[in-house]
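Report on the structure
Below, each chain spelled out in residue letters.
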Amino acid sequence: MLKSLSESKIAIVGLGYVGLPLAVAFGEKFATVGYDIDPKRVDQLQKGHDRTLEVEDEDLKKVLVKTVIELEEKKKGLLVSDAIIPISSCNIYIVTVPTPTDKHNKPVLTPMLKASEMIGKILKKGDVVIYESTVYPGVTEDECVPVLEKVSGLKFNEDFFAGYSPERINPGDKEHTVTKILKVTSGSTPEVAEYVDQLYKSVITAGTHKASSIKVAEAAKVIENSQRDINIAFVNELSKIFNLLGIDTQEVLEAAGTKWNFLPFKPGLVGGHCIGVDPFYLAQKAQEVGYHPEIILAGRRLNDSMGKHVATEVIKHMMRKDLKVIDSKVLILGFTFKEDCPDVRNTRVIDIYKELKSFDMDVDVYDHWADPAEVMHEYGIEIINGKTKENLDQYSAIILAVAHKEFKSWSIKKSSKQVVFDVKSTLKKEEVDARL
C-alpha cells in the first residue's frame, strides 16, 4: 500500500544542479533528506551555502535541519547527509544523479545503477522510486528496476513502485526555477502515476503533465534537448555558409526573425549537462533497435565542430593582419558552458583552447564565474583572473567565448595589432573582426 502523501518522507539522491533546488522545494512542505556521496558538497550545504548558486543561501538556511529527530518533530525541512541511515526511513526516493557519456559518446548509466543499488538495500514495501535523470526510453523499467528487485528481494509493482519525472532545470536561470517549470510526471501503474503527479503538484506551482507511461515521459525529455541541439546546429551551419559569403549571420537572423513563426536560435558553442549529451542517449537506443539516426548525429557532429571552427577563424584573421601565430598570446574570455553561471560541465570552450594550443599558442583563460580548482581538476587548465581587464594589449587575439555580463563593460575593440572574435555577438559589429 502507498503511504499517504501527507505522511511521506522524501529522499533526494544527488544534490547537484537538479537535486538541491528540488530538495529545498520539497523541504518546505515535507520531511526531506538530501543525500550526496561527496562529503565536501554535503559539508558546504550543511553550512548553508550552495556553490552552484542555484539556491540562494538564505533560502537554503530556511529549510535546513540538523538532526533526524528535528526533522521528524517538524515533519518538514531538509536534512543533508552523506550517510545512508537518514534516508532508510523514507518512503519516496527521487534519483537526480548525472547521466554522462563516455569518450566514445556512449551513455554511462553507472551513476543511476549505483544509486538504484544503494536504494535497493533499504527499499521497503510500499516505497516509490522516482527517477529524474535524462535517459533513453526504457532505462527506468529495463535497467534500474531489475537492480532494485535484485538487491531488495522485493517484486516490482507488487511490493514497490517506480515513476519518472524528467528534470527541466536551466542552470543559472533565476526566472525559470524548479517550481515555475511545468513538470512531466509518470508512474509504473495508473495509481502510482496519479500518486507521483499529486506529489509534484504539491510543490510545482506551474503545474504538471501526467504522461501515459514511464517510457513516454523518458522519450519526451530526451527529445526536448535533441530538438534544441538540431536547431542550433542549423544556425551554426548557416554561420559557416554566410561567413564564406561575406554576410553577417546576426543581421540575417534579425531580418528573418521579423517573421512571426521564425524560431529565434543563435549560433554558438553547444555544451553543458543536457544539450551536448542527451541526443547521444536517443541515438544509442535507436541504434539498438536497428535504426541509424541521421539528423540527430549530424547535428551533434556539426555542433561539436564549432570550437575548432572558431579557433581556425581566429588564426585566419591573425594571418590577414600579419600577426605571428606560433608563441602568440591569446585570451579566451569565459570558460563556463553558458553565461553568468558557474557550471563548467561539458563546456566546449575547451575545444577552442585545445585547437589554439595545437598551434603552439600561449593561451590564457579568464572566467570570474568558474571555480579555478574545478577547472584545473576537470580540464587541467589554470584560470587567469585578477587584473586581466587592464592588460588586454598584451594579447594578439581576444576570443569572447561566453557572454558573461561583465564583459560588456570591458574596453574590447579590434585593432591592427589585435584580433577580436565574438562567439556570442555580445559586442557591436564594428568593434570585432568576426563573430558567429
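These figures come from a predicted structure and were not determined experimentally.

**As for the packing of helix α8 (residues 214-245) against helix α11 (residues 295-304)**
Orientation of α8 relative to α11, taken along the N-to-C sense of each, is 55°, at an axis distance of 9 Å. On the basis of the axis angle, α8 is oblique to α11. α8 and α11 meet at a crossing whose hand is left-handed. Two secondary-structure elements touch here, α8 through Asp229, Ile230, Ile232, Ala233, Asn236 and Glu237 and α11 through Ile295, Ile296, Gly299, Arg300, Leu302 and Asn303. Among the residues making up the contact of α8 with α11, the classes are represented as 6 nonpolar, 3 polar and 3 charged.

**Some points on the packing of aromatic side chains**
Two numbers describe a pair of aromatic rings. These are the distance of the centres and the angle of the planes. If you walk through the whole model with that rule in mind, you get 8 aromatic pairs. Where Phe407 meets Trp410, the ring centres are 5.3 Å apart and the plane angle is 85°; that geometry is what we call edge-to-face. The burial state of Phe407 is the same as that of Trp410; both residues are buried. An aromatic cluster of three or more residues is present, and its members are Phe26, Phe30 and Tyr200.

**Things to note about a negative patch on the surface**
Side chains of Glu28, Glu56, Glu58 and Asp59 sit close together on the surface and give a patch of like negative charge. With a relative accessible area of 48%, Glu56 lands in the partly exposed category.

**Some remarks on the sheet that holds strand β5 (residues 128-131)**
The 6 strands lie next to each other as β3-β2-β1-β4-β5-β6, forming an open sheet whose pairing is parallel. On the outer flanks of this sheet lie β3 (77-81) and β6 (161-164), each paired with one strand and no other. When strand polarity is set aside, the average angle formed by the axes of neighbouring strands in this sheet is 20°. Summarising the sheet, strand β1 (residues 9-13) and strand β4 (residues 92-95) pair through 4 bridges and their orientation is parallel. The residue bridging Ile12 from the neighbouring strand is Ile94, located in β4. Its contacts with the sheet place helix α7 (residues 190-201) against β1, β4, β5 and β6, and it is angled at close to 65° to β5.

**Observations regarding unusual backbone geometry**
With the exception of glycine, most residues fall at negative phi, and the peptide bonds are largely trans. In the Ramachandran plot, Lys75 falls in the positive-phi region, its phi being about 60° despite a non-glycine side chain. With respect to the helices and strands, the residue Lys75 is situated in the loop between α4 (68-74) and β3. Judged by its relative accessible area of 65%, Lys75 falls in the exposed class. Phi at Asp340 is positive, roughly 50°, even though this residue is not glycine. Examined against the element boundaries, Asp340 turns out to sit in the loop between β9 (329-333) and α13 (349-357).

**Some details on the packing of helix α10 (residues 278-288) against α11**
One can describe the packing of α10 onto α11 by two numbers: an axis separation of 10 Å at closest approach and a directional angle of 145°. Here the hand of the crossing between α10 and α11 comes out left-handed. The segment α10 lies against α11, with Pro279, Phe280, Leu282, Ala283 and Gln287 engaging Ile296, Leu297, Arg300 and Asp304. Broken down by class, the residue content of the contact of α10 with α11 amounts to 6 nonpolar, 1 polar and 2 charged.

**Topic: the nonpolar core**
Among the nonpolar cores identified, the biggest contains 42 residues, and Ile87, Tyr93, Ile119, Leu123, Val129 and Tyr131 are the most heavily contacted of them. Ranked by residues supplied to this core, first place goes to helix α5 (residues 110-122) with 5 residues. If we ignore the near neighbours within four places in the chain, the residues touching Leu123 are Tyr93, Val129, Leu148, Ser152, Leu154 and Phe160. One finds Val330, Phe335, Leu356 and Met361 within the second-largest nonpolar core, a separate group that totals 36 residues.

**Some words on the sheet that holds β9**
Read across the sheet, 5 strands follow the order β10-β9-β11-β12-β13 without closing on themselves; strand pairing throughout is parallel. A single partner strand is all that each edge strand has here, and the edge strands are β10 (362-366) and β13 (434-435). Running over the sheet, helix α12 (residues 306-320) touches β11 (397-400), β12 (419-422) and β13 and is turned about 155° from β12.

**Digging into the pattern of salt bridges**
A side chain with one charge may pair with a side chain of the opposite charge, provided their charged atoms come close. Here the structure, examined in full by the defined rule, presents 21 salt bridges. Across the salt bridge formed by Arg300 and Asp229, the nearest N and O atoms sit 2.7 Å from each other. Pair noted here: Arg300 is in helix α11 and Asp229 is in helix α8, with a separation of 71 residues, a long-range link. Overall, the relative accessible area of 0% leaves Asp229 in the buried class.

Reading guide: rules and limits
- Residues numbered from 1 in each chain as written.
- Predicted model: local features only at pLDDT ≥ 70, side-chain atom pairs only at ≥ 80, totals over all residues.
- Heavy atoms only, no water.
- Axes fitted to C-alpha atoms, helices over the stretch in contact; angles between N-to-C directions.
- Helix = DSSP H or I, 4+ residues; strand = E, 2+ residues; numbered from the N terminus.
- Parallel < 35°, antiparallel > 145°, perpendicular 65-115°, else oblique.
- Left-handed = near helix turned anticlockwise from the far one by under 90°.
- Contact = heavy atoms within 4.5 Å.
- Nonpolar A, V, L, I, M, F, W, Y, C, P; charged D, E, K, R; others polar.
- Phe/Tyr/Trp six-rings, centres within 6.5 Å; stacked < 30°, edge-to-face > 60°.
- Buried < 20%, exposed > 50% of the residue type's maximum accessible area, 1.4 Å probe, protein only.
- Patch = residues over 30% accessible without salt bridge, like charges linked within 9 Å, V, L, I, M, F, W, Y side chains within 5 Å.
- Areas by Shrake-Rupley, 256 points an atom, 1.4 Å probe, with all protein chains shown as cover.
- Salt bridge = Lys/Arg side-chain N within 4 Å of Asp/Glu carboxyl O.
- Lys, Arg positive; Asp, Glu negative; His and termini not counted.
- Charge placed at Lys NZ, Arg CZ, Asp CG, Glu CD.
- Pairing = 2+ DSSP bridges.
- Core = buried A, V, L, I, M, F, W, Y, C linked by side-chain atoms within 4.5 Å.

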